[in-house]
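Per-entry structural report
Each chain, letter by letter, is given below.
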Amino acid sequence: MIALKIEDRKQFTSGLFVGELFDQFLLKEASIVTYNRFTIDGRIRPGYYSKEEREEQQIEDYSLWSAIRPFCFSLIKGKRLPESFLIVLQPDRQAVESFVKESGLTINPEQIKGLYLNIRYEEGQILCITGLSLDFFSLDKSVEEAWDRKAKSFFKEYQIPYTIEM
């Protein structure tokens, strides 16, 4: 787990809320604090879509960030900055499988419950904190370290300046 402090807040929030920078991620949860606290559970409600719709549209357990992003943006836009927000994103199942293969990991992708990017804004700064959930206990940190490298690589690829927080 690493914490990346975002150096250019305006560029980053533009990419997050207006641009398509994180649109390929799934939204696990979001909490935005302005004049109220707004909480969004990204989990797709069972039964809302038929089995055929889920298969045809490749709908996973969580909503795509691209579908929820406009709602979140509508909550923060305006003259006043939000008090805080927390957005937890994760790659979809196919991206997890690609990540495992590209990283040369020996773990079965099905054993990874989640790879997370926790985006936290409070007190005028943005931190992106990586996280990992496995369906078993392990002292081996190779998956965590590979996910940390992938996050740093993602930010470098999209020219998002950051420093590592200790």
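Structure: above.
Scoring rules and cut-offs
- Residues numbered from 1 in each chain as written.
- Predicted model: local features only at pLDDT ≥ 70, side-chain atom pairs only at ≥ 80, totals over all residues.
- Heavy atoms only, no water.
- Helix = DSSP H or I, 4+ residues; strand = E, 2+ residues; numbered from the N terminus.
- Rg over C-alpha atoms; globule rule 2.2 N^0.38 Å.
- Buried < 20%, exposed > 50% of the residue type's maximum accessible area, 1.4 Å probe, protein only.
- Contact = heavy atoms within 4.5 Å.
- Areas by Shrake-Rupley, 256 points an atom, 1.4 Å probe, with all protein chains shown as cover.
- Lys, Arg positive; Asp, Glu negative; His and termini not counted.
- Charge placed at Lys NZ, Arg CZ, Asp CG, Glu CD.
- Axes fitted to C-alpha atoms, helices over the stretch in contact; angles between N-to-C directions.
- Parallel < 35°, antiparallel > 145°, perpendicular 65-115°, else oblique.
- Nonpolar A, V, L, I, M, F, W, Y, C, P; charged D, E, K, R; others polar.
- Core = buried A, V, L, I, M, F, W, Y, C linked by side-chain atoms within 4.5 Å.

Time to look at the overall build of the protein. In terms of helices and strands, the protein carries five helices and eight strands. When the helices and strands of the protein are read in sequence order from the N terminus, they spell out β-α-β-β-α-β-α-β-α-β-β-α-β. In terms of overall size, the protein behaves like a compact globule, its C-alpha atoms giving a radius of gyration of 16 Å where 166 residues would be expected to give roughly 15 Å. Its C-alpha atoms put the protein at 50 × 45 × 25 Å along the principal axes. For the protein, the residues scored as buried account for 40% of the 166 residues in total. When contacts within the protein are restricted to residue pairs at least 6 apart in sequence, those whose partners lie at least 24 apart make up 67%. Total accessible area on the protein is roughly 10,400 Å²; 48% of this is exposed by carbon and sulfur atoms. The centroid of the 22 positive side-chain charges in the protein is displaced by 5 Å from the centroid of its 26 negative side-chain charges.

Packing of helix 4 (residues 93–103) against helix 5 (residues 142–157) brings their axes to within 11 Å, and their N-to-C directions diverge by 100 degrees. Accordingly, the angle class assigned to the pair helix 4 and helix 5 is roughly perpendicular. Facing helix 4, whose interface residues are F99, E102 and S103, helix 5 presents V143, A146, W147 and K150. Considered class by class, the residues forming the contact of helix 4 with helix 5 number four nonpolar, one polar and two charged.

A separate point is the nonpolar core. In terms of nonpolar packing, the biggest core is built from 28 residues, with F12, F22, I87, I119 and F155 touching the most fellow members. Mapped by element, the contributors of at least two residues to this core are strand 1 (3–6), helix 1 (9–18), strand 2 (26–33), helix 3 (65–76), strand 5 (84–90), strand 6 (112–122), strand 7 (125–134) and helix 5. For this core, the element with the most residues is helix 3, which contributes four residues. Counting residues in hydrophobic clusters, the runner-up holds eleven residues, among them F99, I107, L134 and W147.

Now for the side chain of S84. Relative to the helices and strands, S84 resides in strand 5. For S84, the residues in contact, after removing those within four places along its chain, are S31, I32, V33, Y121 and E122.

What follows deals with the environment of F22. Mapped onto the secondary structure, F22 falls in the loop between helix 1 and strand 2. Between the C-alpha atom of F22 and that of T130, which follows or precedes it by 108 residues, the distance is 14 Å. If we ignore the near neighbours within four places in the chain, the residues touching F22 are F12, G15, L16, W65, L89, L117, F154 and F155.

For the rest of this paragraph, the subject is the environment of G114. Looking at where G114 falls in the secondary structure, it is placed in strand 6. As for G114 and L132, which are separated by 18 residues in sequence, their C-alpha atoms are 5.7 Å apart. The contacts of G114, once residues within four sequence positions are left out, are G131, L132 and S133.

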